[in-house]
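The primary structure of each chain is shown beneath.
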Amino acid sequence: MLTAHYSIPLPADYDMDIVVRRVADRAALWDARTGLLFKAFCITEAGGPGPAHNSYAPFYVWAAPQEFARFLTGAEYAGLCAAFGPVPVRTGTILQCTVGTGPTGHLVSETEPLGPVTDLRERARAEAERHRAVLADPAVHSHVVDLDSATMTLTRRTLLREGSEAPRAKSGEQVLRVLHLSQPSPTSTS
């Protein structure tokens, strides 16, 4: 499994209803996407408690890396780049992943640079404990921890259940609104 994430910055006066309609038009295709564990269609909105700009920033967990490769080399990614220009995609190796069911409302993303670490064993053990503690919160829908070994950066992403209040972003965090969560059936991810 691997994670993939990109963020497309949009002007503060951009009509975010365009993104909302785009997601509504395309979400059903992702609800049955082969090789996908889930895709959270996320946005940030200017004027809210978060950033001073708008963005479209989906987050994927791919159960089948070869399907992620098909996404990057297929019509879906080409269409995204045609609409928004070149879109760099960040990927990560999953260290911890628990996925819930039902709708979500927000995604909290926290990135931590690890520095010049050469032995990740203790970090992996600590993240496993932290993962269990995060999942104890009834507001948590899903929690994913990934490692970008090229930059030695750890990212924790927590999906909150729909109806949970949007938290204020702490230092190093970003809070995104989830417009839709695609979770193909397990038979679609084989």
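Our subject is the structure that appears above.
Residues numbered from 1 in each chain as written. Predicted model: local features only at pLDDT ≥ 70, side-chain atom pairs only at ≥ 80, totals over all residues. Heavy atoms only, no water.

A.B. asks: I tried to follow the overall build of the protein chain on my own but got confused; where do I start?
C.D. replies: In terms of helices and strands, the protein chain carries four helices and 10 strands. Radius of gyration (C-alpha) of the protein chain: 16 Å, near the 16 Å computed for a compact globule of 190 residues. Considered along the principal axes of its C-alpha atoms, the protein chain spans approximately 45 × 40 × 35 Å. Relative to its 190 residues, the protein chain shows a buried fraction of 42%. Within the protein chain, counting contacts between residues at least 6 apart in sequence, those at least 24 apart form 76% of the total. (Helix = DSSP H or I, 4+ residues; strand = E, 2+ residues; numbered from the N terminus. Rg over C-alpha atoms; globule rule 2.2 N^0.38 Å. Buried < 20%, exposed > 50% of the residue type's maximum accessible area, 1.4 Å probe, protein only. Contact = heavy atoms within 4.5 Å.)

A.B. asks: What exactly am I supposed to notice about the side chain of Thr158 here?
C.D. replies: Here Thr158 shows up in strand S9 (residues 153-161). Owing to a relative accessible area of 13%, Thr158 belongs among the buried residues under this scheme.

A.B. asks: What's the story with unusual backbone geometry in this structure? I'm lost.
C.D. replies: For residues that are not glycine, phi is negative in most cases, and the peptide bond is trans in most cases. In the Ramachandran plot, Met152 falls in the positive-phi region, its phi being about 50 degrees despite a non-glycine side chain. The residue Met152 is located in the loop between strand S8 (140-148) and S9 in this model. Since its relative accessible area comes to 15%, Met152 is described here as buried.

A.B. asks: I keep staring at helix H1 (residues 17-30) and nothing clicks. Help me out?
C.D. replies: Along an α-helix, residues three or four apart share an orientation, since each turn contains 3.6 residues. Helix length check: H1, at 14 residues, gives a terminal C-alpha distance of 20 Å against a target of 20 Å (1.5 Å per residue), a fit within 8%. Along H1, the helix axis deviates most sharply at Ala24, where the bend reaches about 30 degrees. (Expected span 1.5 Å × (residues − 1). Bend = angle between axes of the 7 residues up to and from the residue.)

A.B. asks: Hey, could you run me through the packing of aromatic side chains in this one?
C.D. replies: Aromatic ring pairs are defined here through the distance separating the ring centres and the angle between the ring planes. Inspection of the entire model under this criterion finds 13 aromatic pairs. Taken together, a centroid distance of 5.8 Å and an interplanar angle of 65 degrees make the contact between Phe38 and Phe59 edge-to-face. With Phe38 in strand S3 (residues 36-44) and Phe59 in strand S5 (residues 59-62), this residue pair connects regions lying 21 residues apart in the sequence. Across the pair, Phe59 and Phe38 agree in class, each one buried. With a centroid separation of 5.9 Å and an interplanar angle of 65 degrees, the aromatic rings of Phe71 and Tyr77 are classed as edge-to-face. When sorted by exposure, Phe71 lands in the same class as Tyr77, which is buried. When the ring centre of Trp30 is taken as reference, the NZ or CZ atom of Lys39 above it lies at 4.0 Å. (Phe/Tyr/Trp six-rings, centres within 6.5 Å; stacked < 30°, edge-to-face > 60°. Lys NZ or Arg CZ within 6 Å of the ring centre and 35° of its normal.)

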